[in-house]
Amino acid sequence: MDLIAQLEAEQIASLGKTIPDFKAGDTVRVGYKVTEGTRTRVQMYEGICISRKNGKGIAGSFTVRKISFGEGVERVFPLFSTNIDSIEVVRRGKVRRSKLYYLRARRGKSARIAEVTNYKPLNSGADA
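Computed from a predicted structure; not experimentally measured.

Criteria and thresholds
The numbering scheme is per chain: residues are counted from 1 as the chain's sequence reads. The model is predicted, so local features are restricted to residues of pLDDT at least 70 and side-chain atom pairs to those at 80 or more, both for listing and for counting; the totals for chains, interfaces and linings are taken over all residues. Where side-chain values are given, they derive from all heavy atoms of the structure, hydrogens and water being excluded. Think of it this way: any DSSP run of H or I at least four residues long counts as a helix, any run of E at least two long counts as a strand, and we number them from the N terminus. The criterion is simple. A nonpolar core is a set of buried Ala, Val, Leu, Ile, Met, Phe, Trp, Tyr and Cys residues joined through side-chain atoms within 4.5 Å. Burial classes: relative accessible area under 20% of the type maximum marks a residue as buried, over 50% as exposed, and values in between as partly exposed (1.4 Å probe, protein chains only). We call two residues in contact when some of their heavy atoms are within 4.5 Å. Classification of ring pairs uses Phe, Tyr and Trp, with its six-membered ring standing for Trp, and accepts pairs whose centres are within 6.5 Å; under 30 degrees between planes counts as stacked, over 60 as edge-to-face, and the remaining range as tilted. Lysine and arginine charges are scored as sitting over a ring when NZ or CZ, respectively, is within 6 Å of the ring centre and within 35 degrees of the ring normal. Strands were regarded as paired on the criterion that DSSP finds at least two bridges between them. Residue-level confidence of the predictor is summarised by pLDDT, bounded by 0 at the bottom and 100 at the top. His is not counted here, nor are the chain ends, while Lys and Arg score as positive and Asp and Glu score as negative. Here a salt bridge means any side-chain nitrogen of Lys or Arg lying within 4 Å of a carboxyl oxygen belonging to Asp or Glu. In protein, a polar contact requires one atom able to donate a hydrogen and another able to accept it; more generally it is a pair of N or O atoms within 3.5 Å, and residues adjacent in sequence count only if both atoms are side-chain atoms.

### Let's talk about the environment of Thr18
Next up, step 1: Relative to the assigned elements, Thr18 resides in the loop between α1 (3–15) and β1 (27–36).
Next up, step 2: Each C-alpha atom, one on Thr18 and one on Ser86, is 8.8 Å from the other, the two residues being 68 residues apart in sequence.

Here's what the structure looks like:
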């Protein structure tokens, strides 16, 4: 492991966050901390993950798209942001590409993504 990857791994370990295994096409629910004046609350943002950038590293981010009042809304979240309270996978999508930017031009039934029913999580090597 080179020095940069080692430093990055140490930073991720110091944050102590657990990121679930998700990819483009999955419907995710992100709990994002919103500050209003002096109060802080967690607001849930649920939508389809249309892209992941920079992998699982400290600089990683993902884009979530949802339809709000008939208008498409996209939001980019840094993977290890301190403002993210939780990431939860609602359903797994069956897609064949890593960037789903084509969903921006689609409306209604053509914008649907088939669900994976036989999903098995990746083995992290704990029992190997």
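### A look at the nonpolar core
Next up, step 1: Core analysis: the biggest nonpolar cluster contains 14 residues, and Phe22, Val28, Val30, Phe62, Val64, Phe77 and Ile84 have the highest contact counts within it.
Next up, step 2: Contributions of two or more residues to this core are made by β1, β2 (39–53), β3 (61–68) and β5 (84–91).
Next up, step 3: Those residues in contact with Ile84 that sit more than four places away from it in its chain are Lys17, Val30, Gly31, Tyr32, Phe62, Phe77, Pro78 and Leu79.
Next up, step 4: Counting six residues, the second-largest nonpolar core is a separate cluster that includes Ala24, Leu103, Ala111 and Ile113.

### Describing the packing of aromatic side chains
Next up, step 1: Taken as a whole, this structure holds four aromatic pairs when the rule is applied.
Next up, step 2: One aromatic cluster in this structure is built from Phe22, Tyr32, Tyr45, Phe62 and Phe77.
Next up, step 3: Positioned over the ring face of Phe22 is Arg52, at 4.4 Å from the centre of the ring.
Next up, step 4: The aromatic ring of Tyr32 is capped on one face by Arg75, whose charged end is 4.3 Å from the ring centroid.

### Quick notes on the pairing of β2
Next up, step 1: With ten bridges connecting them, β1 and β2 associate as antiparallel partners. Residue Arg29 lies in a different strand from β2, and its bridge partner there is Glu46.
Next up, step 2: The antiparallel hairpin formed by β1 and β2 contains two residues in its connecting segment, where Gly37 sits at a positive phi of about 70 degrees.
Next up, step 3: Relative to β3, β2 is paired through five bridges, and the arrangement is antiparallel. Across the sheet, Cys49 pairs through a bridge with Val64, a residue of β3.

### Remarks on the environment of Leu100
Next up, step 1: By the secondary structure assignment, Leu100 is in the segment after β5.
Next up, step 2: For Leu100, a relative accessible area of 0% corresponds to the buried category.
Next up, step 3: Between the C-alpha atoms of Leu100 and Thr63, which are 37 residues apart in sequence, the distance is 10.0 Å.
Next up, step 4: Dropping the residues within four chain positions of it, Leu100 is found in contact with Ala24, Gly25, Cys49, Ile50, Val95 and Ile113.

### What to know about the pairing of strand β4 (residues 71–78)
Next up, step 1: By the bridge criterion, eight bridges tie β3 to β4 in an arrangement that is antiparallel. Within β4, the residue paired with Ser61 across the bridge is Pro78.
Next up, step 2: From the end of β3 to the start of β4, which pair antiparallel, there are two residues, and Phe69 there has a positive phi angle of about 55 degrees.

### Notes on the confidence of the model for the chain
Next up, step 1: Taken as a whole, the chain shows an average pLDDT of 89; of its residues, 95% reach a score of 70 or greater.
Next up, step 2: Ranking the helices and strands of the chain by mean pLDDT puts β2 first, with 95, and α1 last, with 87.

### A short note on the side chain of Arg52
Next up, step 1: Relative to the helices and strands, Arg52 resides in strand β2.
Next up, step 2: No salt bridge is formed by the buried Arg52. Its closest oppositely charged neighbour is Asp21, at 5.9 Å.
Next up, step 3: Of the polar contacts made by the side chain of Arg52, one reaches the backbone oxygen of Phe22; its length is 2.6 Å.
Next up, step 4: What Arg52 contacts, discounting residues up to four positions off in sequence, is Phe22, Ser61, Phe62, Leu79 and Lys99.

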